[in-house]
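# Residue-level structure breakdown
Residue-level listing of the chains:
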Amino acid sequence: MADRLYLDHAATTPMLPVAIAAMTDGMAHWANPSSPHAEGRAARAALEGARGCIAAVYGWSGEVILTSGASEALAIGLGRSVAERRVISAVEHDAAIRVAAEAAVIAVDASGLIDPTSLDAALGISGRPVVAIQWANSETGVRQPIAALAVTIHAAGGLLLVDAAQMPAGADPAVAEHADFVAISAHKRGGPPGIGALLVRDLATLLPTGGQERGYRPGTENLPAALGFAAALEAPEDLEKMAVLRAKLDDAIARSGGVVVAEGASRHPAIGSYRLPGLAAATQLIRFDMAGIAVSAGSACSSGSMKPSHVLGAMGWSVEASREVVRVSFGRGTNEADIDRFIAEWRGVSRSARAFAA
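Below, the structure is looked at part by part. Only a predicted model underlies this, so the values are computations on that prediction, with no experimental measurement involved.

## Section: the overall build of the protein
- The number of helices and strands found in the protein is 13 helices and 12 strands.
- Whereas a compact globule of 358 residues would reach a radius of gyration of roughly 21 Å, the protein reaches 21 Å, a difference of no more than 12%.
- With respect to the three principal axes, the spread of C-alpha positions in the protein is 75 × 50 × 30 Å.
- By residue count, 55% of the 358 residues in the protein fall in the buried class.
- With the model as given, the accessible surface of the protein reaches about 14,200 Å², and the carbon-plus-sulfur share is 57%.
- For the protein, the centre of its 30 positive side-chain charges and the centre of its 36 negative side-chain charges are spaced 4 Å apart.

Below is the structure:
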(Lines give C-alpha, C1' and ligand atoms only; values in the text may rest on other atoms or scores of the structure.)
Protein backbone atom coordinates (compact mmCIF):
# COMPACT_ATOMS: atom_id res chain seq x y z
CA MET A 1 0.00 0.00 0.00
CA ALA A 2 3.05 2.26 0.23
CA ASP A 3 2.69 3.51 -3.33
CA ARG A 4 -0.98 4.39 -2.96
CA LEU A 5 -2.11 8.01 -2.71
CA TYR A 6 -4.88 8.63 -0.18
CA LEU A 7 -7.04 11.66 -1.01
CA ASP A 8 -10.18 10.88 0.99
CA HIS A 9 -9.39 12.63 4.27
CA ALA A 10 -12.88 14.18 4.50
CA ALA A 11 -14.25 10.66 4.99
CA THR A 12 -11.61 9.60 7.50
CA THR A 13 -8.03 10.61 8.16
CA PRO A 14 -5.35 8.00 8.97
CA MET A 15 -4.51 7.97 12.66
CA LEU A 16 -1.49 10.01 13.62
CA PRO A 17 1.37 8.21 15.42
CA VAL A 18 0.92 10.50 18.45
CA ALA A 19 -2.72 9.44 18.68
CA ILE A 20 -1.82 5.75 18.49
CA ALA A 21 0.84 6.23 21.18
CA ALA A 22 -1.60 8.09 23.44
CA MET A 23 -4.19 5.32 23.05
CA THR A 24 -1.58 2.68 23.84
CA ASP A 25 -0.58 4.53 26.99
CA GLY A 26 -4.26 4.92 27.84
CA MET A 27 -4.67 1.15 28.03
CA ALA A 28 -2.81 1.32 31.34
CA HIS A 29 -5.74 3.31 32.75
CA TRP A 30 -8.01 0.29 32.68
CA ALA A 31 -10.24 1.30 35.59
CA ASN A 32 -13.73 2.75 35.29
CA PRO A 33 -13.42 6.54 35.57
CA SER A 34 -16.58 6.57 37.70
CA SER A 35 -15.11 4.29 40.38
CA PRO A 36 -14.17 5.98 43.68
CA HIS A 37 -11.00 4.01 44.39
CA ALA A 38 -7.46 5.13 43.53
CA GLU A 39 -7.44 3.37 40.15
CA GLY A 40 -10.75 4.94 39.19
CA ARG A 41 -9.59 8.36 40.32
CA ALA A 42 -6.45 8.05 38.19
CA ALA A 43 -8.56 7.13 35.16
CA ARG A 44 -10.89 10.06 35.88
CA ALA A 45 -7.96 12.47 36.11
CA ALA A 46 -6.66 11.29 32.72
CA LEU A 47 -10.11 11.58 31.16
CA GLU A 48 -10.64 15.09 32.47
CA GLY A 49 -7.18 16.06 31.21
CA ALA A 50 -8.17 14.93 27.72
CA ARG A 51 -11.50 16.75 27.99
CA GLY A 52 -9.74 19.95 29.00
CA CYS A 53 -7.30 19.63 26.11
CA ILE A 54 -10.13 19.21 23.60
CA ALA A 55 -11.87 22.31 24.92
CA ALA A 56 -8.67 24.37 24.90
CA VAL A 57 -7.71 23.43 21.34
CA TYR A 58 -11.13 24.49 20.07
CA GLY A 59 -11.09 27.65 22.20
CA TRP A 60 -14.24 26.42 23.98
CA SER A 61 -15.17 27.81 27.40
CA GLY A 62 -18.31 25.70 27.88
CA GLU A 63 -18.85 22.00 28.52
CA VAL A 64 -17.48 19.03 26.54
CA ILE A 65 -19.63 15.90 26.30
CA LEU A 66 -17.65 13.00 24.86
CA THR A 67 -19.59 10.91 22.33
CA SER A 68 -19.01 8.05 19.89
CA GLY A 69 -18.53 10.59 17.08
CA ALA A 70 -20.00 13.64 15.40
CA SER A 71 -23.13 11.72 14.37
CA GLU A 72 -24.05 11.03 17.99
CA ALA A 73 -23.15 14.59 18.91
CA LEU A 74 -25.59 15.86 16.27
CA ALA A 75 -28.26 13.47 17.53
CA ILE A 76 -27.86 14.75 21.09
CA GLY A 77 -27.83 18.40 20.05
CA LEU A 78 -30.83 18.09 17.75
CA GLY A 79 -32.76 15.57 19.77
CA ARG A 80 -32.26 16.73 23.35
CA SER A 81 -31.92 20.51 23.22
CA VAL A 82 -34.65 22.49 24.99
CA ALA A 83 -35.78 23.89 21.64
CA GLU A 84 -39.35 23.28 20.57
CA ARG A 85 -38.55 22.47 16.94
CA ARG A 86 -35.66 21.69 14.63
CA VAL A 87 -34.33 23.43 11.54
CA ILE A 88 -31.59 22.19 9.20
CA SER A 89 -30.12 23.40 5.95
CA ALA A 90 -30.74 21.52 2.72
CA VAL A 91 -27.08 20.48 2.53
CA GLU A 92 -26.63 18.97 5.98
CA HIS A 93 -24.94 15.65 6.63
CA ASP A 94 -27.08 12.52 6.47
CA ALA A 95 -26.70 12.14 10.25
CA ALA A 96 -28.57 15.40 10.83
CA ILE A 97 -31.23 14.55 8.26
CA ARG A 98 -31.91 11.16 9.89
CA VAL A 99 -32.43 12.58 13.38
CA ALA A 100 -34.44 15.59 12.18
CA ALA A 101 -36.55 14.13 9.40
CA GLU A 102 -39.47 16.43 10.25
CA ALA A 103 -37.33 19.57 10.48
CA ALA A 104 -37.93 22.77 8.56
CA VAL A 105 -35.39 22.96 5.74
CA ILE A 106 -33.43 26.06 4.76
CA ALA A 107 -32.73 26.38 1.03
CA VAL A 108 -29.28 27.17 -0.37
CA ASP A 109 -28.22 29.07 -3.47
CA ALA A 110 -26.26 27.73 -6.45
CA SER A 111 -23.02 28.11 -4.47
CA GLY A 112 -24.33 26.05 -1.58
CA LEU A 113 -24.67 29.04 0.76
CA ILE A 114 -27.72 29.39 3.00
CA ASP A 115 -30.42 31.59 1.47
CA PRO A 116 -31.21 34.45 3.90
CA THR A 117 -34.86 34.66 2.86
CA SER A 118 -35.35 30.93 3.43
CA LEU A 119 -33.61 31.18 6.80
CA ASP A 120 -35.87 34.04 7.87
CA ALA A 121 -38.94 32.03 6.85
CA ALA A 122 -37.80 28.99 8.85
CA LEU A 123 -37.09 31.15 11.90
CA GLY A 124 -40.44 32.94 11.60
CA ILE A 125 -42.47 29.86 12.52
CA SER A 126 -43.62 29.85 16.15
CA GLY A 127 -41.62 27.89 18.70
CA ARG A 128 -37.97 28.15 19.70
CA PRO A 129 -35.77 26.41 17.08
CA VAL A 130 -32.44 24.65 17.22
CA VAL A 131 -30.74 25.25 13.86
CA ALA A 132 -28.12 22.80 12.52
CA ILE A 133 -25.57 24.20 10.06
CA GLN A 134 -22.34 22.66 8.77
CA TRP A 135 -19.24 24.78 9.14
CA ALA A 136 -18.00 23.32 5.87
CA ASN A 137 -19.93 20.89 3.73
CA SER A 138 -18.29 17.48 3.75
CA GLU A 139 -18.96 16.96 0.04
CA THR A 140 -18.28 20.34 -1.60
CA GLY A 141 -16.22 22.06 1.09
CA VAL A 142 -18.48 25.15 0.97
CA ARG A 143 -18.19 27.16 4.19
CA GLN A 144 -21.09 28.95 5.81
CA PRO A 145 -20.68 32.42 7.41
CA ILE A 146 -21.21 31.24 10.98
CA ALA A 147 -20.91 34.62 12.70
CA ALA A 148 -23.52 36.30 10.48
CA LEU A 149 -25.89 33.35 10.66
CA ALA A 150 -25.57 33.22 14.45
CA VAL A 151 -26.68 36.84 14.74
CA THR A 152 -29.84 36.09 12.76
CA ILE A 153 -30.62 32.85 14.60
CA HIS A 154 -30.05 34.30 18.07
CA ALA A 155 -32.12 37.39 17.24
CA ALA A 156 -35.02 35.01 16.57
CA GLY A 157 -34.47 33.29 19.93
CA GLY A 158 -32.97 30.16 18.36
CA LEU A 159 -30.05 27.92 19.29
CA LEU A 160 -27.22 27.31 16.81
CA LEU A 161 -25.73 23.83 16.40
CA VAL A 162 -22.62 23.86 14.22
CA ASP A 163 -21.50 20.60 12.61
CA ALA A 164 -17.75 21.20 12.76
CA ALA A 165 -16.65 17.64 12.01
CA GLN A 166 -14.63 18.94 9.04
CA MET A 167 -13.23 21.99 10.85
CA PRO A 168 -9.56 21.91 11.83
CA ALA A 169 -9.26 22.93 15.46
CA GLY A 170 -8.97 26.69 15.78
CA ALA A 171 -9.65 27.32 12.09
CA ASP A 172 -12.61 29.62 12.76
CA PRO A 173 -12.85 31.43 16.12
CA ALA A 174 -16.40 32.50 15.20
CA VAL A 175 -17.61 28.96 15.98
CA ALA A 176 -16.38 29.06 19.58
CA GLU A 177 -17.65 32.60 19.95
CA HIS A 178 -21.17 32.20 18.56
CA ALA A 179 -22.32 28.55 18.55
CA ASP A 180 -24.52 27.08 21.27
CA PHE A 181 -23.55 23.51 20.35
CA VAL A 182 -20.64 22.21 18.25
CA ALA A 183 -20.30 18.63 16.95
CA ILE A 184 -16.73 17.43 16.40
CA SER A 185 -15.10 14.16 15.35
CA ALA A 186 -11.74 12.58 16.16
CA HIS A 187 -11.27 10.50 13.03
CA LYS A 188 -11.53 13.56 10.77
CA ARG A 189 -8.52 15.09 12.54
CA GLY A 190 -6.12 12.14 12.77
CA GLY A 191 -7.58 10.70 15.94
CA PRO A 192 -9.17 7.29 16.53
CA PRO A 193 -12.54 6.28 15.07
CA GLY A 194 -15.43 5.90 17.45
CA ILE A 195 -15.07 9.08 19.48
CA GLY A 196 -16.14 12.69 19.12
CA ALA A 197 -17.72 15.36 21.27
CA LEU A 198 -20.58 17.78 21.60
CA LEU A 199 -19.39 21.15 22.85
CA VAL A 200 -22.19 22.78 24.86
CA ARG A 201 -22.36 26.47 25.72
CA ASP A 202 -24.86 26.04 28.56
CA LEU A 203 -25.98 22.68 29.94
CA ALA A 204 -29.33 24.25 30.82
CA THR A 205 -30.13 24.16 27.07
CA LEU A 206 -29.79 20.36 27.01
CA LEU A 207 -32.02 17.70 28.56
CA PRO A 208 -29.99 15.15 30.61
CA THR A 209 -30.15 11.38 30.25
CA GLY A 210 -27.91 8.49 31.29
CA GLY A 211 -25.38 8.17 34.06
CA GLN A 212 -22.16 9.27 32.38
CA GLU A 213 -20.78 12.52 30.95
CA ARG A 214 -22.34 14.64 33.70
CA GLY A 215 -25.60 12.79 33.16
CA TYR A 216 -25.91 13.60 29.46
CA ARG A 217 -24.86 10.25 28.00
CA PRO A 218 -25.16 6.60 29.07
CA GLY A 219 -22.30 4.12 29.06
CA THR A 220 -18.70 4.00 30.24
CA GLU A 221 -16.32 6.58 28.80
CA ASN A 222 -13.75 5.40 26.25
CA LEU A 223 -10.63 6.72 27.98
CA PRO A 224 -7.97 5.45 25.52
CA ALA A 225 -9.86 6.97 22.60
CA ALA A 226 -10.29 10.27 24.46
CA LEU A 227 -6.54 10.42 25.03
CA GLY A 228 -5.92 9.66 21.35
CA PHE A 229 -8.40 12.36 20.33
CA ALA A 230 -6.68 14.97 22.47
CA ALA A 231 -3.24 14.02 21.22
CA ALA A 232 -4.30 14.26 17.57
CA LEU A 233 -5.79 17.72 18.06
CA GLU A 234 -2.51 19.05 19.39
CA ALA A 235 -0.75 18.15 16.12
CA PRO A 236 -0.86 21.29 13.91
CA GLU A 237 -2.55 21.46 10.50
CA ASP A 238 -1.06 23.78 7.88
CA LEU A 239 -4.20 25.36 6.46
CA GLU A 240 -2.32 27.84 4.27
CA LYS A 241 -0.44 25.00 2.60
CA MET A 242 -3.69 23.10 2.07
CA ALA A 243 -5.32 26.14 0.46
CA VAL A 244 -2.40 26.52 -1.95
CA LEU A 245 -2.62 22.85 -2.94
CA ARG A 246 -6.38 23.01 -3.48
CA ALA A 247 -6.06 26.20 -5.57
CA LYS A 248 -3.51 24.41 -7.77
CA LEU A 249 -5.87 21.47 -8.14
CA ASP A 250 -8.82 23.75 -8.96
CA ASP A 251 -6.84 25.52 -11.67
CA ALA A 252 -5.52 22.34 -13.27
CA ILE A 253 -8.94 20.68 -13.40
CA ALA A 254 -10.60 23.78 -14.87
CA ARG A 255 -7.87 23.93 -17.54
CA SER A 256 -8.46 20.26 -18.34
CA GLY A 257 -12.15 20.68 -19.07
CA GLY A 258 -13.44 19.81 -15.62
CA VAL A 259 -15.92 21.78 -13.52
CA VAL A 260 -14.98 23.01 -10.04
CA VAL A 261 -18.05 22.73 -7.81
CA ALA A 262 -18.89 26.02 -6.03
CA GLU A 263 -15.74 27.58 -7.42
CA GLY A 264 -16.67 31.11 -6.33
CA ALA A 265 -17.69 30.24 -2.75
CA SER A 266 -15.53 30.26 0.36
CA ARG A 267 -14.49 26.65 0.78
CA HIS A 268 -12.60 24.34 3.10
CA PRO A 269 -8.90 24.58 2.19
CA ALA A 270 -8.58 20.82 1.83
CA ILE A 271 -11.87 19.73 0.19
CA GLY A 272 -12.80 20.06 -3.47
CA SER A 273 -15.48 18.48 -5.66
CA TYR A 274 -15.02 18.22 -9.41
CA ARG A 275 -17.16 17.19 -12.35
CA LEU A 276 -15.76 15.45 -15.41
CA PRO A 277 -18.58 15.85 -17.99
CA GLY A 278 -19.43 12.67 -19.83
CA LEU A 279 -17.87 10.20 -17.39
CA ALA A 280 -19.70 8.66 -14.43
CA ALA A 281 -18.13 9.09 -11.03
CA ALA A 282 -18.19 5.31 -10.52
CA THR A 283 -16.00 4.87 -13.61
CA GLN A 284 -13.67 7.63 -12.46
CA LEU A 285 -13.28 6.02 -9.04
CA ILE A 286 -12.34 2.70 -10.62
CA ARG A 287 -9.76 4.38 -12.84
CA PHE A 288 -8.23 6.31 -9.95
CA ASP A 289 -8.25 3.27 -7.67
CA MET A 290 -6.50 1.15 -10.31
CA ALA A 291 -3.89 3.92 -10.53
CA GLY A 292 -3.36 3.72 -6.78
CA ILE A 293 -5.32 6.86 -5.87
CA ALA A 294 -8.17 6.86 -3.35
CA VAL A 295 -10.85 9.54 -3.82
CA SER A 296 -14.60 9.45 -3.21
CA ALA A 297 -18.00 10.26 -4.66
CA GLY A 298 -21.62 10.10 -3.67
CA SER A 299 -23.67 11.54 -0.86
CA ALA A 300 -22.07 13.44 2.03
CA CYS A 301 -18.98 11.65 3.35
CA SER A 302 -20.21 8.14 2.59
CA SER A 303 -17.39 7.32 0.22
CA GLY A 304 -18.87 3.97 -0.75
CA SER A 305 -22.28 5.43 -1.50
CA MET A 306 -23.12 6.14 -5.13
CA LYS A 307 -26.65 7.45 -4.60
CA PRO A 308 -27.48 10.88 -6.06
CA SER A 309 -26.09 13.75 -4.05
CA HIS A 310 -28.78 15.64 -2.11
CA VAL A 311 -26.19 18.40 -1.62
CA LEU A 312 -25.68 19.01 -5.33
CA GLY A 313 -29.41 18.60 -5.89
CA ALA A 314 -30.10 21.39 -3.39
CA MET A 315 -27.62 23.55 -5.31
CA GLY A 316 -29.61 23.05 -8.52
CA TRP A 317 -27.55 20.29 -10.13
CA SER A 318 -29.31 17.65 -12.20
CA VAL A 319 -29.03 14.02 -11.15
CA GLU A 320 -27.09 13.27 -14.33
CA ALA A 321 -24.51 15.99 -13.69
CA SER A 322 -24.13 15.14 -10.01
CA ARG A 323 -23.33 11.53 -10.93
CA GLU A 324 -20.19 12.80 -12.68
CA VAL A 325 -18.70 14.48 -9.59
CA VAL A 326 -15.88 13.15 -7.43
CA ARG A 327 -14.48 14.60 -4.21
CA VAL A 328 -10.79 15.09 -3.46
CA SER A 329 -9.72 15.84 0.10
CA PHE A 330 -6.31 15.87 1.71
CA GLY A 331 -4.63 16.19 5.09
CA ARG A 332 -1.44 16.89 6.97
CA GLY A 333 0.79 14.66 4.86
CA THR A 334 -0.46 15.68 1.42
CA ASN A 335 2.18 17.51 -0.62
CA GLU A 336 2.60 19.13 -4.02
CA ALA A 337 3.93 15.93 -5.58
CA ASP A 338 0.71 14.16 -4.55
CA ILE A 339 -1.39 16.85 -6.22
CA ASP A 340 0.75 16.65 -9.37
CA ARG A 341 0.23 12.89 -9.46
CA PHE A 342 -3.54 13.26 -9.16
CA ILE A 343 -3.64 16.00 -11.82
CA ALA A 344 -1.69 13.81 -14.25
CA GLU A 345 -4.12 10.92 -13.70
CA TRP A 346 -7.13 13.25 -13.99
CA ARG A 347 -5.88 14.47 -17.36
CA GLY A 348 -5.51 10.89 -18.54
CA VAL A 349 -9.03 10.03 -17.43
CA SER A 350 -10.32 13.22 -19.09
CA ARG A 351 -8.65 12.37 -22.40
CA SER A 352 -10.19 8.90 -22.29
CA ALA A 353 -13.63 10.38 -21.67
CA ARG A 354 -13.30 12.77 -24.61
CA ALA A 355 -12.07 10.00 -26.91
CA PHE A 356 -14.97 7.79 -25.90
CA ALA A 357 -17.46 10.61 -26.53
CA ALA A 358 -16.00 11.24 -29.99
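## Points about the packing of helix α1 (residues 17-26) against helix α8 (residues 223-233)
- With their axes 7 Å apart at the nearest point, α1 and α8 run at an angle of 150 degrees to one another. As summarised for this structure, α1 and α8 are arranged roughly antiparallel, according to the angle between their axes. Of the two possible hands of crossing, α1 and α8 adopt the one that is right-handed. Contacts from Val-18, Ala-19, Ala-22, Met-23 and Gly-26 in α1 reach Pro-224, Ala-225, Leu-227, Gly-228, Ala-231 and Ala-232 in α8.
- A per-class count over the contact of α1 with α8 returns nine nonpolar, two polar and no charged.

## Considerations on the sheet that holds strand β2 (residues 63-67)
- Strand order in the open sheet made by the seven strands is β2-β8-β7-β6-β5-β3-β4, with mixed pairing throughout. Two strands in the sheet have a free side with no partner beyond their single neighbour: β2 and β4 (104-106). The average undirected angle you get between the axes of adjacent strands in this sheet is 20 degrees.
- Relative to strand β5 (residues 129-134), strand β3 (residues 85-89) runs parallel, the two sharing four bridges.

## Some words on the environment of Ala-183
- Topologically, Ala-183 is positioned in strand β7 (residues 181-185).
- Separated by 151 residues in sequence, Ala-183 and Thr-334 have C-alpha atoms that sit 25 Å apart.
- For Ala-183, the contacting residues outside a window of four places in its chain are Ala-70, Ala-73, Leu-74, Leu-161, Val-162, Asp-163, Ala-164, Ala-165, Ala-197 and Leu-198.

## Regarding the packing of aromatic side chains
- A full pass over the atoms with the stated rule returns two aromatic pairs.
- A network of ring pairs unites the aromatic residues Phe-288, Phe-342 and Trp-346 as a single cluster.

## Examining the sheet that holds strand β10 (residues 271-275)
- If you walk across this open sheet you meet the three strands as β9-β10-β12, and the pairing is antiparallel. Each of the sheet's edge strands pairs with one partner strand only, and the pair in question is β9 (259-260) and β12 (325-329).
- As paired elements, β9 and β10 share two bridges and run antiparallel to each other. Paired with Val-260 across the bridge in β10 is Tyr-274.

## Here's the deal with the nonpolar core
- Of all hydrophobic cores here, the largest spans 61 residues; its most connected members are Ile-54 and Ile-184.
- Element by element, the count of residues in this core is highest for α8, at eight residues.
- When neighbours within four sequence positions are excluded, Ile-54 is seen to be in contact with Val-64, Leu-66, Ile-184, Phe-229, Ala-230 and Leu-233.

## Quick word on the environment of Ala-247
- With respect to the helices and strands, the residue Ala-247 is situated in helix α9 (residues 239-255).
- Taking the C-alpha atoms as reference points, Ala-247 and Gly-272, separated by 25 residues in sequence, lie 9.4 Å from one another.

## A closer look at the pairing of β2
- Among the five residues that make up β2, four are buried, leaving the element largely enclosed by the rest of the structure.
- When β2 meets strand β8 (residues 196-200), the two strands line up antiparallel, connected through five bridges. The partner of Thr-67 across the bridge, within β8, is Gly-196.

The rules we used
Residues numbered from 1 in each chain as written. Predicted model: local features only at pLDDT ≥ 70, side-chain atom pairs only at ≥ 80, totals over all residues. Heavy atoms only, no water. Helix = DSSP H or I, 4+ residues; strand = E, 2+ residues; numbered from the N terminus. Rg over C-alpha atoms; globule rule 2.2 N^0.38 Å. Buried < 20%, exposed > 50% of the residue type's maximum accessible area, 1.4 Å probe, protein only. Areas by Shrake-Rupley, 256 points an atom, 1.4 Å probe, with all protein chains shown as cover. Lys, Arg positive; Asp, Glu negative; His and termini not counted. Charge placed at Lys NZ, Arg CZ, Asp CG, Glu CD. Axes fitted to C-alpha atoms, helices over the stretch in contact; angles between N-to-C directions. Parallel < 35°, antiparallel > 145°, perpendicular 65-115°, else oblique. Left-handed = near helix turned anticlockwise from the far one by under 90°. Contact = heavy atoms within 4.5 Å. Nonpolar A, V, L, I, M, F, W, Y, C, P; charged D, E, K, R; others polar. Pairing = 2+ DSSP bridges. Phe/Tyr/Trp six-rings, centres within 6.5 Å; stacked < 30°, edge-to-face > 60°. Core = buried A, V, L, I, M, F, W, Y, C linked by side-chain atoms within 4.5 Å.

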